[in-house]
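Coordinate analysis (summary)
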Amino acid sequence: MQDNPKNGFVYAASGEEYSQLALISARSLREFCPLAQIDFFTDCDVGPNHPFDRVVPLTRSWFRPKFEALPESRFDRTVYIDADAMVVADISDLFVVLEHHEFCAAPVIRNNRPDNCRIWKTKLPLSVPRYNCGLIGIQNTPKVVQFMRQAEDIMIAENLDHDQSMMRERLFQSDIRVVTLPYEYNCNEITYIDLLSNEFSAPRVLHFAEIRDHPSHGATAKQLLGKVLGPERMAFLEKHRQNDASQGATELVEMPSKCTLRMHENWGKGGQSSASA
């Protein structure tokens, strides 16, 4: 599945900072998907020692280069990954989805956040998912390519600083076959990790804005994530990955979530008596 030449991953980044992050992210992808085809669209010189199969010059330097990269992808099925999204498990199974469907992405979960309440043209009900566009999978069919090119045209013509509302409304109004991925494929809330127990699958991609707050030159994905999450959460995530049945674990070990553990700790410090009072 990983070495199918019709399947491939794409990164796109403008500027030195994001290009460096893309190098780190692609190396994290290569760790778990060693046979993957990985292309990089950039306006920077990435040097000789990089993890990409092809480096493609961007024709436009701007903050949403994915809208150029996805339609120009050489693959029949393409998964785009943001530069600041770090891969922590094998995600080649996304191409199984794209064998049968034309578009896939994971949902936003903080739907009451002001940024996630934005409306582009039409107000939609909460029942219509809003996707985090930091990981997108597409079939490179003429219909989907046209959809992505039109999205780029809209972003430029309307000078939009945010793509999720526009993408949500246009996908809802289209006949593109969309699959909503599990949140594990684009986990962008640090506090979500504290909710994990052995009843949850382990995250596949960690996509935290805080990653951009740390120097990336010479760093690895584990080092960046360690600075953001701390050693306790990092160790917990690794145990959780080893305990994940979808990643091959056969004997599940009881792993209470950190929230559960903290609740019990507080309960033992007088929480019970104050609650009953």
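Notes on the structure in this doc start here. As the structure is a prediction and not an experimental result, all values here were calculated from the model. (Residues numbered from 1 in each chain as written. Predicted model: local features only at pLDDT ≥ 70, side-chain atom pairs only at ≥ 80, totals over all residues. Heavy atoms only, no water.)

1. Remarks on the overall build of the chain
Note the cut-off: Put simply, DSSP marks the helices as runs of H or I at least four residues long and the strands as runs of E at least two long, and each gets a number from the N terminus on. Only C-alpha atoms enter the radius of gyration, while the globule expectation follows 2.2 Å times N to the 0.38, with N the number of residues. Contact definition: two residues touch when any of their heavy atoms are within 4.5 Å. Accessible areas in this description were obtained via Shrake-Rupley with a 1.4 Å probe; residue shielding takes into account the shown protein chains only.
Across its full length, the chain holds eight helices and nine strands. For 277 residues, the compact-globule formula gives about 19 Å, and the C-alpha radius of gyration of the chain, at 20 Å, lands near that figure. Partitioning the intrachain contacts of the chain with sequence separation of at least 6 by distance along the chain shows that 72% fall at a separation of at least 24. Carbon and sulfur atoms provide 51% of the accessible area of the chain, an area that totals close to 13,600 Å².

2. Describing the sheet that holds strand S8 (residues 178–180)
Strand pairing in a sheet takes place through backbone hydrogen bonds and is either antiparallel or parallel in direction. Filter applied, for reference: DSSP calls a pair of strands paired once it identifies at least 2 bridges connecting them. Axis lines are fitted to C-alpha atoms, over the contacting stretch for helices. Their N-to-C directions set the angle, which ranges from 0 to 180 degrees.
Reading across the sheet, the seven strands line up as S3-S2-S1-S4-S7-S6-S8 and stay open at both edges, with mixed pairing between neighbours. Edge positions in the open sheet fall to strand S3 (54–57) and S8, since each of these has one partner strand only. Shown here is a sheet whose adjacent strand axes are inclined to one another by a mean of 25°, direction ignored. In this structure, strand S1 (residues 7–13) lies alongside strand S4 (residues 77–81), joined through four bridges in parallel fashion. The residue bridging Gly-8 from the neighbouring strand is Thr-78, located in S4.

3. Here's the deal with the packing of helix H1 (residues 16–32) against helix H7 (residues 221–242)
Relative placement of two packed helices is described by the angle separating their axes and the distance separating the axes. Short version of the rule: By definition in this entry, angles of less than 35 degrees are roughly parallel, angles greater than 145 are roughly antiparallel, angles of 65 to 115 are roughly perpendicular, and the rest are oblique. It is the rotation of the near helix from the far one that decides the hand of a crossing: anticlockwise by less than a right angle makes it left-handed, clockwise makes it right-handed.
Following both chains from N to C, one finds H1 and H7 inclined at 20°, their axes separated by 15 Å at the closest point. Considered as vectors, H1 and H7 are oriented roughly parallel to each other. Every pair of crossing elements has a handedness; the one defined by H1 and H7 is right-handed. Taking contact as the criterion, the partners of Leu-21, Ile-24, Ser-28, Glu-31 and Phe-32 in H1 are, on H7, Ala-221, Lys-222, Leu-224 and Arg-241.

4. Quick word on the pattern of salt bridges
Quick reminder of the rule: The rule for a salt bridge is simple: a side-chain nitrogen of Lys or Arg has to be within 4 Å of a carboxyl oxygen of Asp or Glu. Buried residues are those whose accessible area, probed at 1.4 Å on protein chains only, stays under 20% of the maximum for their type, while exposed residues exceed 50% and partly exposed ones sit between those limits.
By the definition in use, this model includes 17 salt bridges. One salt bridge in this structure joins Arg-118 and Asp-161, with 2.9 Å as the shortest N-O distance. Of this pair, Arg-118 sits in the loop between strand S6 (103–107) and strand S7 (131–139) while Asp-161 is found in the loop between helix H4 (142–157) and helix H5 (164–173), placing the two residues 43 residues apart along the sequence. Residue Asp-161 is classed as exposed on the basis of its relative accessible area of 55%. Residues joined by salt bridges that share partners form a network here, namely Glu-102, Lys-143, Asp-175 and Arg-177.

5. Some words on the packing of aromatic side chains
Quick note on the threshold: Any Phe, Tyr or Trp ring, taking Trp's six-membered ring, that has another such ring centre within 6.5 Å forms a pair; planes under 30 degrees apart are called stacked, those over 60 apart edge-to-face, and the others tilted. For a lysine, the NZ atom is tested; for an arginine, the CZ atom; a charge sits over a ring if that atom is within 6 Å of the ring centre and within 35 degrees of the ring normal.
Tallied over the entire structure, the rule returns six aromatic pairs. The interplanar angle of 75° and the centroid separation of 4.8 Å between the aromatic rings of Tyr-183 and Tyr-192 together place this pair among those described as edge-to-face. For the ring pair Tyr-192 and Phe-200, a centre distance of 6.3 Å and an interplane angle of 85° mean the geometry is edge-to-face. By relative accessible area, which is 12% here, Tyr-192 ends up buried. Residue placement shows Arg-170 over the ring face of Phe-147; its charged tip is 4.1 Å from the ring centre.

Fair warning: the whole summary comes from geometry, so function is off the table for now.
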